[in-house]
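Residue-level listing of the chains:
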Amino acid sequence: MSSWKTQGKKVALVIGAGDATGGEIAKRFALGGYIACMTRRNADKLKPLIEEIEAQGGIAYGFGSDARKEEEVIQLIEKIETEIGAIDVMVFNIGANVPCSILEETARKYFKIWEMACFAAFLVGREVAKRMVTRQQGTIIFTGATAGMRGSAYFAAFAGAKHALRALAQSMARELGPQNIHVAHVVVDGAIDTDFIKNNFPEMYAKKDQDGILNPKHIAENYWYIAQQPRDAWTHELDLRPWIEQW
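A brief structural summary. Treat the numbers as computed from the prediction; the structure is a model and nothing was measured.

## With respect to the overall build of the protein
Right, on to step 1. When helices and strands are counted, the protein shows eight helices and seven strands.
Right, on to step 2. On C-alpha atoms alone, the protein measures out to a radius of gyration of 18 Å, which is about the 18 Å that the 2.2 N^0.38 rule sets for 247 residues.
Right, on to step 3. C-alpha extents for the protein along the principal axes are approximately 55 × 40 × 35 Å.
Right, on to step 4. Across the 247 residues in the protein, those meeting the buried criterion constitute 50%.
Right, on to step 5. If you take every contact in the protein between residues at least 6 apart in sequence, the share linking residues at least 24 apart comes to 71%.
Right, on to step 6. Accessible surface computed for the protein: about 12500 Å², of which carbon and sulfur atoms make up 52%.
Right, on to step 7. Taking the average location of the 29 positive side-chain charges in the protein and that of its 30 negative ones, the two points are 2 Å from each other.

See the structure below:
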């Protein structure tokens, strides 16, 4: 995969590059000169995003990968580091927001939500950190949520997983910060401008015209900002919410 076009370029890896936030983050880093490497469970769904980045003069690669599977994560990171370039930024952006009453929640779904939102973050974070430590450089950003700050009714599984993700980020930051690796946790507090919100929560989506829901492009700008911060003023936790969102 490596060529003269990729030589000397840094890699930004986005785990969970969906059609909204993850995709915009990948596009922002590609615009900034990084090679954008992106994953989804289904690699075919990444083709439009890759084409868009390439049409704008960027370099992008897509991978089908299940971040809950240790073997797949190890192979993914090794492939990128060996064939494309050094991962300088890793963004973990897998969603797992599935509301359910605690009276009806199943053990299987509870465990799966934890796997998606926390365990997968551990696997990817560990493998990327191993490479960054040898270079004494890198940025790791985890996408959090309001649920990581407080547990709401019907979100026991999601809140438990996101609380665990936040703790993982804090622990990694304290261990890896002295080795010049910036670990950050972004709390996205509010609805995001996505087709899911548009189709399922029209009353919430109606707030878009008054900047009442988060714009994925604006979220991506904050991730870019974190990754470019000088190390004498690193942000560990950043919360993003629309101006009308309740705290």
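## Re the layout of surface pockets
The rolling of a water-molecule-sized probe over the atoms marks out the regions of remaining empty space.
Right, on to step 1. Space inside the second largest pocket adds up to approximately 230 Å³.
Right, on to step 2. Lining the second largest pocket we find Asp 193, Lys 208, Asp 211, Ile 213, Leu 214, Asn 215, His 218, Ile 219, Asn 222, Leu 240 and Pro 242.
Right, on to step 3. The biggest single contributor to the lining of the second largest pocket is helix H8 (residues 216-227), with three residues.
Right, on to step 4. Of the residues belonging to the lining of the second largest pocket, the class tally is five nonpolar, three polar and three charged.

## Regarding the pattern of salt bridges
A side chain of one charge can pair with a side chain of the opposite charge if their charged atoms are brought near each other.
Right, on to step 1. All told, the structure shown has 20 salt bridges when counted by the stated rule.
Right, on to step 2. Taking the shortest distance from any N to any O, the salt bridge between Arg 28 and Glu 221 comes out at 2.8 Å. Highlighted residues: Arg 28 in helix H1 (residues 21-31) and Glu 221 in helix H8, separated in sequence by 193 residues.
Right, on to step 3. Given a relative accessible area of 16%, Arg 28 falls into the buried group.
Right, on to step 4. The closest approach of N and O atoms between Arg 41 and Asp 66, which form a salt bridge, is 3.8 Å.

## Things to note about the side chain of Asp 193
Right, on to step 1. Looking at the element boundaries, Asp 193 is found in the loop between strand S6 (181-188) and helix H6 (195-200).
Right, on to step 2. A polar contact of 3.1 Å, which involves the side chain of Asp 193, links it to the side chain of Tyr 205.
Right, on to step 3. For Asp 193, the side chain forms a polar contact with the side chain of Lys 208, separated by 2.9 Å.
Right, on to step 4. Beyond its immediate chain neighbours, meaning those up to four positions away, Asp 193 contacts Ala 20, Tyr 205, Lys 208, Ile 213, Leu 214 and Pro 216.

## Considerations on helix H5 (residues 156-176)
The α-helix advances 3.6 residues per turn, and as a result positions three or four apart in sequence lie on the same side.
Right, on to step 1. Spanning 21 residues, H5 covers 30 Å between terminal C-alpha atoms, matching the ideal 30 Å at 1.5 Å per step.
Right, on to step 2. For H5, the complete set of buried residues consists of Ala 157, Phe 158, Ala 159, Ala 161, Lys 162, Leu 165, Leu 168, Ala 169, Met 172, Ala 173 and Leu 176.
Right, on to step 3. Contact partners of the buried residues in H5: helix H4 (107-135), strand S5 (138-145) and S6.

## Description of the nonpolar core
Right, on to step 1. With 35 residues, the main nonpolar core has Met 90, Ile 140 and Phe 142 as its most contacted residues.
Right, on to step 2. A total of seven residues in this core trace back to one element, the largest contributor, which is H4.
Right, on to step 3. If we skip the residues at most four places from it in the chain, Met 90 touches Leu 13, Ile 15, Val 124, Gly 125, Val 128, Met 132, Thr 139, Ile 140, Ile 141 and Phe 142.
Right, on to step 4. Core analysis: the second largest hydrophobic core is formed by 31 residues, Ala 17, Val 91, Ile 141 and Trp 224 among them.

## Some words on H8
Right, on to step 1. In this model, H8 (twelve residues) spans 17 Å end to end at C-alpha, consistent with the 16 Å of a helix rising 1.5 Å per residue.
Right, on to step 2. Listed as buried for H8 are Pro 216, Ile 219, Ala 220, Tyr 223, Trp 224, Ile 226 and Ala 227. Summarising the axial view, the buried residues of H8 lie within an arc of 160°, below the 170-degree limit, and thus occupy one face.
Right, on to step 3. Check the buried side of H8 and you find it contacts H1, strand S4 (87-92), S5, S6 and strand S7 (237-240).
Right, on to step 4. Put simply, Asn 215 is the residue that caps the front of H8, since its side-chain oxygen is 2.9 Å from the backbone nitrogen of Lys 217.

## Let's talk about the packing of H1 against H8
Right, on to step 1. For the pair H1 and H8, interaxial distance at closest approach is 8 Å and the crossing angle is 50°. The angle between H1 and H8 falls in the class oblique. Viewed along their axes, H1 and H8 form a crossing whose handedness is right-handed. Touching Thr 21, Glu 24, Ile 25, Arg 28 and Phe 29 of H1 are Pro 216, Lys 217, Ile 219, Ala 220, Glu 221, Tyr 223, Trp 224 and Ala 227, all from H8.
Right, on to step 2. A per-class count over the contact of H1 with H8 returns eight nonpolar, one polar and four charged.

Basis of the calculations
Residues numbered from 1 in each chain as written. Predicted model: local features only at pLDDT ≥ 70, side-chain atom pairs only at ≥ 80, totals over all residues. Heavy atoms only, no water. Helix = DSSP H or I, 4+ residues; strand = E, 2+ residues; numbered from the N terminus. Rg over C-alpha atoms; globule rule 2.2 N^0.38 Å. Buried < 20%, exposed > 50% of the residue type's maximum accessible area, 1.4 Å probe, protein only. Contact = heavy atoms within 4.5 Å. Areas by Shrake-Rupley, 256 points an atom, 1.4 Å probe, with all protein chains shown as cover. Lys, Arg positive; Asp, Glu negative; His and termini not counted. Charge placed at Lys NZ, Arg CZ, Asp CG, Glu CD. 1 Å grid on protein atoms, 1.4 Å probe; cavity = no way out; pocket = protein on both sides within 12 Å on 5 of 7 lines; lining within 4 Å. Points joined across faces, edges and corners; volume = space filled by probe spheres on them. Nonpolar A, V, L, I, M, F, W, Y, C, P; charged D, E, K, R; others polar. Salt bridge = Lys/Arg side-chain N within 4 Å of Asp/Glu carboxyl O. Polar contact = N/O pair within 3.5 Å; in protein donor to acceptor, adjacent residues only side chain to side chain. Expected span 1.5 Å × (residues − 1). Core = buried A, V, L, I, M, F, W, Y, C linked by side-chain atoms within 4.5 Å. Arc of directions from axis to C-beta. Axes fitted to C-alpha atoms, helices over the stretch in contact; angles between N-to-C directions. Parallel < 35°, antiparallel > 145°, perpendicular 65-115°, else oblique. Left-handed = near helix turned anticlockwise from the far one by under 90°.

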